[in-house]
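Working through the structure, step by step
As a plain string of letters, each chain reads:
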Amino acid sequence: MTAALQSDQPPEGGWTTDDLDALPEDGRRRELLDGVLLVSPSPTRVHQTIAGRLMVALEEDCPDEYDVTQGVEVRINRTRSFIPDVLVTTSVAARRQPSRYEAHEVVLAVEIVSPSTRSIDRVLKPALYAQAGIPYFWRIEVEDDGLVVHTHRIDPVDEVYTETGRWTKVVDTGEPFPVNLPVGRITPRHL
């Protein structure tokens, strides 16, 4: 594995979560897609500000049976592992003090769309989160006139998300718990 990382060649049979566990803690954001290692550039100030503000806002309204965090790995299977920007999990799972969650422990995954990962954030991750059974998904887009928060709920039969709202002023939803969040509250000062 270490030789594979040094030579830019994947291990025979592709990368696995075991290989991820063996990599050094160097601050790089590494995710797995069907055995392919995805390494993303460092997030921007705008991205991180939105994530931090959203985490704080959700935490304030979060009932005791849930927990809010950001940037923690979600293991979908041995060859798929993603890191949502913000996530809501069960409080039972959070009490384990995990360095990663299983998909069934995640209630909401939030992705903040970045220019370098636009297709992954808009198409790929939602499809795979839904396939993994994560009940709710939010996507946050930075547009010229401000932020847009897209909220989704899973259709468990078809394993796809259906949009439940497109919010530009206030995110007002009861899922996964009652949220009444002014979008301005998560918008960076210098957008």
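Look a little higher up for the structure.
To start, this report covers the structure provided alongside it. Please read all numbers here as calculations on a predicted model, not as lab measurements. (Residues numbered from 1 in each chain as written. Predicted model: local features only at pLDDT ≥ 70, side-chain atom pairs only at ≥ 80, totals over all residues. Heavy atoms only, no water.)

**What about the environment of Ile-120?**
Within the secondary structure, Ile-120 sits in helix H5 (residues 118-131). Looking at Ile-120, the relative accessible area reads 26%, which means it is partly exposed. Sequence separation between Ile-120 and Ile-134 is 14 residues, and the spatial gap between their C-alpha atoms is 17 Å. (Helix = DSSP H or I, 4+ residues; strand = E, 2+ residues; numbered from the N terminus. Buried < 20%, exposed > 50% of the residue type's maximum accessible area, 1.4 Å probe, protein only.)

**Here we look at the packing of aromatic side chains**
Here the structure, examined in full by the defined rule, presents 4 aromatic pairs. Centre to centre, the rings of Phe-82 and Tyr-129 are 6.0 Å apart; their planes meet at 90 degrees, and the pair counts as edge-to-face. Residue Phe-82 is located in strand S5 (residues 80-82), and its partner Tyr-129 is located in helix H5; the two are separated by 47 residues in the primary sequence. Assessed through its relative accessible area of 0%, Phe-82 is described here as buried. The exposure class assigned to Tyr-129 is buried, which follows from its relative accessible area of 0%. Residues Tyr-129 and Phe-137 carry aromatic rings whose centres are separated by 6.0 Å and whose planes lie at 50 degrees to one another, so their mutual orientation is tilted. Side by side, Tyr-129 and Phe-137 carry an identical accessibility label, which is buried. Aromatic ring contacts, followed pair by pair, group Phe-82, Tyr-129, Phe-137 and Tyr-161 into a single cluster. (Phe/Tyr/Trp six-rings, centres within 6.5 Å; stacked < 30°, edge-to-face > 60°.)

**A closer look at the sheet that holds strand S3 (residues 66-70)**
Adjacent strands of a sheet pair through backbone hydrogen bonds, lying either parallel or antiparallel. Taken together, 6 strands build an open sheet; the order of strands is S3-S6-S8-S9-S10-S11 and the sheet is mixed. Each edge of the sheet is formed by a strand with only one pairing partner; in this case those strands are S3 and strand S11 (160-167). Pairs of neighbouring strands in the sheet enclose a mean axial angle of 20 degrees, with direction left out of account. As defined by bridge partners, strand S9 (residues 136-143) adjoins strand S10 (residues 146-155) across 8 bridges and the pair is classed as antiparallel. Along S10, the bridge assignment pairs Glu-141 with Val-148. On top of the sheet, helix H3 (residues 45-61) reaches S3, strand S6 (86-90), strand S8 (106-112), S9 and S10; it is set at about 165 degrees to S3, its chief contact. (Pairing = 2+ DSSP bridges. Axes fitted to C-alpha atoms, helices over the stretch in contact; angles between N-to-C directions. Contact = heavy atoms within 4.5 Å.)

**As for the pattern of salt bridges**
With the rule as written, the count across this model stands at 13 salt bridges. Of the charged contacts, one joins Glu-141 and Arg-139 as a salt bridge, the two residues approaching to 2.8 Å between their closest N and O atoms. In this structure, Glu-141 and Arg-139 share a single accessibility class: buried. (Salt bridge = Lys/Arg side-chain N within 4 Å of Asp/Glu carboxyl O.)

**Some thoughts on the pairing of S9**
Each regular strand carries side chains that alternate between the two faces of the sheet. Judged by how many residues are buried, S9 sits mostly within the fold: 6 of 8 residues are covered. As judged from the 5 bridges shared by S8 and S9, these two strands associate in the parallel manner. Bridge pairing in S9 links Glu-111 to Arg-139. Taken together, S8, H5 and S9 constitute a β-α-β crossover, and its handedness is right-handed. Hairpin connection of S9 to S10: 2 residues between the antiparallel strands. (Right-handed = clockwise from strand over helix to strand, strands pointing away.)

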